[in-house]
Amino acid sequence: MAILSGKAAFSLLLLLASANASRFQPQAGAQAPLGADVAASKKPLIDSEALQARIKVDNLLTRAEELYEIAKLGEEEYNHPTRVIGSNAVPDDADRGNSRLAGHLGTLSYIYAELAKLGDYYTLSNQSFPAVSGNVFESRLILGAHVSQSAAPMGLTPPTKDKEPVHGDLVYVEKDGCEAANYPASVKGNIALVRRGTCPFGTKSKLAGQAGAKAAVVYNFEDDGVSGTLGTPSPDHVATFGISGKEAEPILRDLKKGKTVDAIAYIDAEIKTIYTDNIIAQTVEGDQENCVMLGGHSDSVAAGPGINDDGSGSLTVLEVAKQLTHFRVNNCVRFAWWAGEEEGLLGSDYYVAQLTPGENRKIRLFMDYDMMGSPNFAYQIYDARNDVNPVGSQELRDLYVDWYKAHGLNYTFIPFDGRSDYDAFIKHGIPGGGIATGAEGIKTKQEQEMFGGVAGEWYDKNYHQIGDDVSNVNLTAWEVNTKLVAHSVATYALSFKGFPERRFAVNKAYTAGIKHHGHKLIV
Ligand SMILES: *[C@@H]1O[C@H](CO)[C@@H](O)[C@H](O)[C@H]1NC(C)=O
Ligand SMILES: *[C@@H]1O[C@H](CO)[C@@H](O)[C@H](O)[C@H]1NC(C)=O
Ligand SMILES: *[C@@H]1O[C@H](CO)[C@@H](O)[C@H](O)[C@H]1NC(C)=O
Ligand SMILES: [Zn+2]
């Protein structure tokens with residue numbers, strides 16, 4: 001900024017001062033924004049019961065309906081409702097008088113506008129970051145004489161050459177294909193067949209590419225298919241599919257007998273880098289050196305509107321942020337809406353990676369809220385333990401346990417294994433945990449007795465599909481869990497008494513056991 005002359009600087013100061021003064025003047029007839037009286041000690045100190053009492057299921061439902069309308073605007077680009085990152089078509093037909101932003105951009109603008117209504121209770125910021133986004137438009141894998149039934153293109157796979165089908169023999173790769181030496185010379189110009197395991201899918205695809213393969217097929221060591229991702233793109237990656245162990249079995253038998261099995265692989269895909277935003281809101285009040293942080297993700301998958309995943313979590317966090325403004329807090333509360341979760345936890349990874357050690361230290365814990373109202377729900381608590389996770393994670397886990405118990409509700413523990421936005425926090429030494437209600441897992445008989453619903457079916461039968469709309473959310477579960485989220489915020493906003501101090505040793509035990517990064521497998 002250029003230096004102003006004395007006189008000009010003085011009048012600018014005056015201008016700023018008067019602008020500031022009018023900003024805080026309640027306008028006649030206009031309602032003062034919520035939270036405008038933050039400095040006033042009129043507000044009661046945060047109290048868990050009082051905050052929970054402000055959580056109303058009708059408010060949540062209204063927000064879900066608003067979010068679905070925003071997802072519907074995504075139809076313009078995707079032919080069905082979605083809030084996937086990058087979806088942002090602005091309908092330009094002025095006759096419709098419709099200038100609202102669609103899909104993910106619409107979601108961000110909705111969240112930001114709702115927070116802006118809360119006046120100066122929060123400091124708001126957008127954190128822009130580059131996100132690699134992959135789109136598979138069409139794919140097909142023919143193994144011998146059959147079209148593969150289990151073939152799934154890996155996330156972030158490149159297309160086959162010229163986006164045309166490629167033909168070659170399937171060439172068996174030794175061991176798990178984690179070293180260049182495992183790839184025989186005959187891989188060149190053919191299609192590598194590699195077993196899942198030991199190293200990331202991205203490594204296998206890269207080694208296959210370097211060996212000259214036209215494509216790679218990773219077969220599972222389990223009967224099921226593999227829904228994996230190659231992770232960070234590499235120029236050496238080749239078009240890569242995952243297939244089930246069941247489908248691979250007869251092929252492996254034939255190859256062992258010395259028979260030739262050929263294949264045709266076809267993937268039309270594109271990988272692009274786009275910019276998107278995390279939204280962060282932090283209380284102006286409260287000890288700024290000691291923050292409790294929580295978040296949900298603002299994006300959905302491309303396939304559907306994502307009202308349960310994770311409209312429910314991000315709206316829970318928004319509603320709690322709104323209701324918190326009625327109280328004073330002792331500790332700072334920081335809310336986050338992550339972008340790019342579905343592409344592999346991109347927003348939360350970026351956020352944590354950008355923290356200086358000093359900023360990292362201010363986050364006493366992170367609470368993840370992803371999928372709060374699955375239709376065939378279980379009350380799930382991440383089994384975060386102090387022997388494998390940063391110390392304090394277990395205290396948070398037990399806060400959830402105590403609350404469900406106090407309310408006569410059953411709960412189960414689920415693996416804390418890298419499937420959502422807590423991952424980067426744990427890897428960087430920040431205690432964490434959270435609750436969820438279940439995705440594509442199958443409800444057991446015992447869980448049916450504990451929670452109702454239907455045994456033998458997915459917790460969320462519309463997980464990552466077009467049917468994840470407003471009717472896909474169980475309102476009972478959503479309300480219960482939003483009250484619990486309110487309790488978690490209120491507890492730490494009031495005090496960290498009894499909660500462990502931050503430590504800095506990152507426990508390798510966590511990273512060693514991780515097979516996921518987001519919902520997709522990486523190994
Ligand atoms: C932050 O992003 C939101 C949503 O895209 C936008 O509406 C808002 O204007 C942005 N705010 C700033 C200060 O850039
Ligand atoms: C908790 O689970 C038990 C079965 O283990 C069941 O009898 C009970 O009704 C469940 N409680 C609630 C509140 O659903
Ligand atoms: C939500 O779940 C409860 C308990 O299983 C059930 O009684 C209720 O009917 C469900 N509501 C919806 C809308 O599915
Ligand atoms: Zn999710």
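Conventions adopted
Counting restarts for each chain, with residues numbered from 1 along the sequence as it is written. The lettering of chains begins at A and the numbering of ligands begins at 1, in the order of writing. Selection of residues for local features in this predicted model requires a pLDDT of at least 70, selection of side-chain atom pairs for listing and counting requires 80 or more, and totals for whole chains, interfaces and linings are taken over all residues. The side-chain values count all of the structure's non-hydrogen atoms but skip hydrogen atoms and water molecules. Disulfide: a pair of cysteine sulfur atoms within 2.5 Å of each other. The numbering of helices and of strands both runs from the N terminus, where a helix is a DSSP run of H or I of at least 4 residues and a strand a run of E of at least 2. Think of it in three bands: residues with accessible area under 20% of the maximum for their type are buried, residues over 50% are exposed, and the middle band is partly exposed, with areas taken using a 1.4 Å probe on protein chains only. Near residues are defined by distance, with any heavy atom within 4 Å of the molecule or strand qualifying the residue. Here a polar contact is recorded for every N or O atom pair within 3.5 Å, except that within protein the pair must consist of a potential hydrogen donor and a potential acceptor, and residues adjacent in sequence are included only if both atoms are side-chain atoms. What sets the accessible areas is the Shrake-Rupley method with a 1.4 Å probe; for residues, cover comes only from the shown protein chains. We define the nonpolar core as a collection of buried residues of types Ala, Val, Leu, Ile, Met, Phe, Trp, Tyr and Cys that are connected through side-chain atoms lying within 4.5 Å of one another. Two residues form a contact once any of their heavy atoms are found within 4.5 Å. Confidence of the predictor in every single residue is expressed as pLDDT, which spans 0 to 100. Each metal site is built from N, O and S donor atoms within 2.8 Å (3.2 Å for Na, K and Ca), and since water is not included, such sites may look incomplete. Think of it this way: with four donors and all angles in the 85 to 135 degree range, the site is tetrahedral; with four or six donors, opposite ones beyond 155 degrees and the rest between 65 and 115, it is square planar or octahedral; otherwise it is irregular.

Structural notes on the state of the cysteines
- One pass over the full model with this rule turns up two disulfides.
- Here C178 connects covalently by a disulfide to C199, the sulfurs 2.1 Å from one another. In this structure the cystine formed by C178 and C199 twists about its S-S bond by roughly -90 degrees; its chirality is therefore left-handed. Of this pair, C178 sits in the loop between β4 (166-172) and β5 (191-195) while C199 sits in the loop between β5 and α6 (201-210), and the two are 21 residues apart along the sequence.
- Residue C199 is classed as buried on the basis of its relative accessible area, which comes to 8%.
- Across the disulfide from C291 sits C332; the S-S distance is 2.0 Å. The S-S bond linking C291 to C332 shows a torsion near 110 degrees; that makes this disulfide right-handed. Here C332 lies in strand β10 (residues 331-338) and C291 lies in strand β9 (residues 287-297), a separation of 41 residues in the sequence. Per residue, the accessibility class of C291 equals that of C332, and both read buried.
- The connectivity of the disulfides in the chain is 1-2, 3-4, where the numbers refer to bonded cysteines in sequence order.

With respect to the site of ligand 3
- By nearness alone, every residue bordering ligand 3 is listed as F377, F451, N474 and T476.
- Take F451: an N or O atom from its main chain is 3.5 Å from an oxygen atom of ligand 3.
- Taking N474, its side chain carries an N or O atom lying 2.3 Å from an oxygen atom of ligand 3.
- Calculation on ligand 3 without its partners gives an accessible area of 360 Å², and the protein chains cover 39% of this total.

Let's talk about the nonpolar core
- Core analysis: the biggest nonpolar cluster contains 61 residues, and L324, F335, W337 and M367 have the highest contact counts within it.
- A per-element tally of this core places helix α14 (residues 475-494) first, with 10 residues.
- Ignoring anything within four residues of it in the chain, the contact list for L324 reads I46, L51, Y121, Y122, T283, V329, V333, F335 and V489.

A look at the confidence of the model for the chain
- Chain-level statistics for the chain give a pLDDT mean of 89 and a share of 88% at 70 or above.
- Here residues 1-38 is a poorly scored stretch, pLDDT under 50, and it has 22 contacts once near neighbours within four places are set aside; other chains count.
- Predicted confidence is poor over residues 93-98, with pLDDT under 50, and the contacts of this stretch with residues over four places away or in other chains come to four contacts.

Considering the coordination of the zinc ion (ligand 4)
- Those protein atoms acting as donors to the zinc ion (ligand 4) are H297 (NE2), D309 (OD), D370 (OD) and D370 (OD), and they sit at 2.0 to 2.5 Å.
- For the zinc ion (ligand 4), the four donor atoms are set out with angles of 53 to 145 degrees between them, so the coordination reads as irregular.
- The motif formed by the donor residues of the zinc ion (ligand 4), counted along the single chain, is H-x11-D-x60-D. Within this pair, whereas D309 is found in helix α8 (residues 307-324), its partner D370 is found in the loop between β11 (363-369) and β12 (380-382), the two being separated by 61 residues in sequence.
- Relative accessible area serves as the criterion here: at 3%, D309 is assigned to the buried category.
- In this structure D370 comes out as buried when scored by relative accessible area, which is 8%.

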